[in-house]
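Listed below, chain by chain, are the residues.
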Amino acid sequence: MSMSFMEKRQVQIQRHEVAGEIVSRLKTFEKDLGRALSSGSALVGLLPEARSRASVSDIVGAEVISDFVASISLVNQAMGKATSGHLNLDEIRRDLRIPETLGGDKIPLPSWSAVQSAANPEEPDAIAG
């Protein structure tokens, strides 16, 4: 039994809605992984300095630093897997003929000079630099 045009259209609309939800959650996930990598790296960077400021031996906390470095490595691996999943989702998107623009910006960003002009309307000839 063949689907009517309206049924096909409804399926396509549902696919677009689901794809939009997936894109939103994926962006959040990728940003969270990036934040985890950034904060973990900052922590690892602080620990040797903290040891020095606290006047303790380099031996103190060496295993702790090693554990945190390993956890950053795992976050990095997770980022790689997330990227792989993202690419696989994009392949599915193409197979289902869902537009690529779905999760992207729909309104073009203004140019830097337009932003500067709007911020300084009394100086229309000002050059942003």
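Since the structure is predicted, the reported quantities are computational estimates derived from the model, not experimental observations.

A. Focus on the side chain of Arg93. By secondary structure assignment, the location of Arg93 is in helix α2 (residues 62–95). Excluding its chain neighbours within four sequence positions, the residues that come into contact with Arg93 are Ile98, Pro99 and Glu100.

B. Region of the structure containing the environment of Asp32. Along the polypeptide, Asp32 turns up in helix α1 (residues 5–53). Asp32 gets classed as partly exposed once you look at its relative accessible area, which sits at 36%. A polar atom in the side chain of Asp32 sits 2.2 Å from the side chain of Arg35.

C. Just the side chain of Gln12, in detail. Turning to its location among the elements, Gln12 is positioned in helix α1. Of the residues examined, Gln12 reaches a relative accessible area of 18% and is grouped as buried. If near-sequence neighbours (up to four positions away) are discounted, Gln12 is found in contact with Leu96 and Arg97.

Conventions and cut-offs
- Residues numbered from 1 in each chain as written.
- Predicted model: local features only at pLDDT ≥ 70, side-chain atom pairs only at ≥ 80, totals over all residues.
- Heavy atoms only, no water.
- Helix = DSSP H or I, 4+ residues; strand = E, 2+ residues; numbered from the N terminus.
- Contact = heavy atoms within 4.5 Å.
- Buried < 20%, exposed > 50% of the residue type's maximum accessible area, 1.4 Å probe, protein only.
- Polar contact = N/O pair within 3.5 Å; in protein donor to acceptor, adjacent residues only side chain to side chain.

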